[in-house]
Amino acid sequence: MFAEFPLFVFTVLGGIAAGATLAAALFPLSDAKTRLRFDVACLALLALGGVALMFHLGHPERLLYAFSNPGAGITLEGYASVLFGVLLVVEVLLGWRKGECPRAVSLLAGIAGALLLAAMGFAYSQFVGIAGWGGPASFCLFFLGALGSGALLPVLFDGQLIANRSYVTCAVACQVVSACSFAAICAQFVGAGFSPILFVLGIVASAAAAVFTWRMKPEGSTPSPAVIFAVSVVALVLVRYAFYCV
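These lines cover the structure that appears in this document, whether it is placed above or below. Predicted model, so just to flag it, every value in this text is computed and none were measured.

Moving on, we come to helix H5 (residues 136-144). All of the buried residues along H5 are Ala 137, Ser 138, Leu 141 and Phe 142. The arc that holds every buried residue of H5, seen down its axis, measures 125°, which confines them to one face. Contacts from the buried residues of H5 go to helix H1 (5-26), helix H4 (103-125), helix H7 (165-191) and helix H9 (225-244).

This part is about the nonpolar core. Core analysis: the largest hydrophobic core is formed by 62 residues, its most contacted members being Phe 84, Tyr 167, Ile 185, Phe 243 and Tyr 244. The dominant element in this core, judged by the number of residues it contributes, is H1, at ten residues.

Another aspect to go through is the packing of H1 against H9. Interhelical geometry of H1 versus H9 gives an angle of 145° and a closest axis separation of 10 Å. The handedness of the crossing between H1 and H9 comes out as right-handed. Residues Leu 7, Phe 8, Thr 11, Val 12 and Ile 16 of H1 pack against Phe 229, Val 233, Leu 236, Val 237, Arg 240, Tyr 241 and Tyr 244 of H9. Taken together, the residues of the contact of H1 with H9 sort by class into ten nonpolar, one polar and one charged.

Attention now moves to the side chain of Thr 11. Structurally, Thr 11 is set in helix H1. At 3.3 Å, the side chain of Thr 11 and the backbone oxygen of Phe 8 are in polar contact. Other than its neighbours up to four places away in sequence, Thr 11 contacts Met 120, Tyr 124, Phe 142, Arg 240 and Tyr 244.

Enumeration over the complete set of coordinates arrives at two salt bridges. Among the ionic pairs, Asp 39 bridges to Arg 35, the shortest N-O distance being 3.0 Å. Linking Asp 39 with Arg 35, this pair stays in helix H2 (residues 32-57), spanning four residues, or about one helical turn. What makes Arg 35 buried here is its relative accessible area of 10%. Close ionic contact of Glu 91 with Arg 35 constitutes a salt bridge, the shortest N to O distance being 3.0 Å. One end of the pair, Glu 91, is in helix H3 (residues 73-97); the other, Arg 35, is in helix H2, with 56 residues separating them in the sequence. The buried category is assigned to Glu 91, whose relative accessible area is 1%.

Relative to the helices and strands, Leu 43 resides in helix H2. Between the C-alpha atoms of Leu 43 and Val 86, which are 43 residues apart in sequence, the distance is 9.4 Å. Sequence-distant contacts of Leu 43, that is, excluding residues within four places in its chain, are made with Gly 85, Leu 88, Val 89 and Val 92.

The next subject is the packing of aromatic side chains. All told, the structure shown has 18 aromatic pairs when counted by the stated rule. Where Tyr 124 meets Trp 133, the ring centres are 5.4 Å apart and the plane angle is 65°; that geometry is what we call edge-to-face. Comparing Tyr 124 with Trp 133, the two get one shared label, buried. On the numbers, 6.4 Å between centres and 75° between planes, the contact of Phe 142 with Tyr 244 is edge-to-face. Linking Phe 142 in helix H5 with Tyr 244 in helix H9, this pair joins segments that are 102 residues apart in sequence.

Together, Leu 76, Tyr 79, Phe 122 and Phe 139 give the surface a local cluster of nonpolar side chains, amounting to about 310 Å² of exposed area. With respect to the helices and strands, Leu 76 occurs in helix H3.

Where H5 meets H7, the closest approach of the two axes is 8 Å, and the angle between their N-to-C directions is 150°. In terms of orientation, H5 and H7 fall into the roughly antiparallel class. The interaxial crossing formed by H5 with H7 has left-handed handedness. Contacts between H5 and H7 involve Pro 136, Ala 137, Ser 138, Cys 140, Leu 141 and Leu 144 from the former and Val 177, Ser 178, Ser 181, Phe 182, Ala 184, Ile 185 and Gln 188 from the latter.

Rules and cut-offs
Residues numbered from 1 in each chain as written. Predicted model: local features only at pLDDT ≥ 70, side-chain atom pairs only at ≥ 80, totals over all residues. Heavy atoms only, no water. Buried < 20%, exposed > 50% of the residue type's maximum accessible area, 1.4 Å probe, protein only. Helix = DSSP H or I, 4+ residues; strand = E, 2+ residues; numbered from the N terminus. Arc of directions from axis to C-beta. Contact = heavy atoms within 4.5 Å. Core = buried A, V, L, I, M, F, W, Y, C linked by side-chain atoms within 4.5 Å. Axes fitted to C-alpha atoms, helices over the stretch in contact; angles between N-to-C directions. Left-handed = near helix turned anticlockwise from the far one by under 90°. Nonpolar A, V, L, I, M, F, W, Y, C, P; charged D, E, K, R; others polar. Polar contact = N/O pair within 3.5 Å; in protein donor to acceptor, adjacent residues only side chain to side chain. Salt bridge = Lys/Arg side-chain N within 4 Å of Asp/Glu carboxyl O. Phe/Tyr/Trp six-rings, centres within 6.5 Å; stacked < 30°, edge-to-face > 60°. Patch = residues over 30% accessible without salt bridge, like charges linked within 9 Å, V, L, I, M, F, W, Y side chains within 5 Å. Areas by Shrake-Rupley, 256 points an atom, 1.4 Å probe, with all protein chains shown as cover. Parallel < 35°, antiparallel > 145°, perpendicular 65-115°, else oblique.

The values are spatial; any link to function lies outside them.
Have a look at this one:
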């Protein structure tokens, strides 16, 4: 385990949840029960990431300090995390108690997810204390990098999305922009004197996920959507690991 492992867990799991919620806001799932299961999964991912973040802080009460400086990247990340989490809880409660969540709430949760990704990107792009971190490519990595995996999570709950070619096209585009963000951070780290090997492996895996996603068909896909999602997650994990293990 490496020193920044809790941050790694939080940004990977929270990023996937945020990207998935944004995708589901744009392409609604087929029924309320499916949406409820999806929302619970996203909330669980964010909660697990939040627990990991507390280990990074060392003492849970230090979490309050993250909200003390509104201009700091970590503060914006904290606000965005809370907003996103609250909206996910509202979605789960409405889906459980009312049997359906209004589309407006789902859209707000998707926007909050996008804000969380942007806040993550801003926080790391401003961090100049560690070589390779500070720079625009870091913003791209955290804002765009999790979109590939996030866009594929909804189809694991609702296979009918595969029949929607607009969704498939959007999911492919998310894989492509993720791969581009991986390439950008690779160039930034190489410029700082680091090895590109893990970044390149992540780019290759992300490109493969894009090809597999485009080939998804309603009558059956080889590999399955679950495998494609796993490939996309592996790509994200490789690049984030390389980012944190400088």
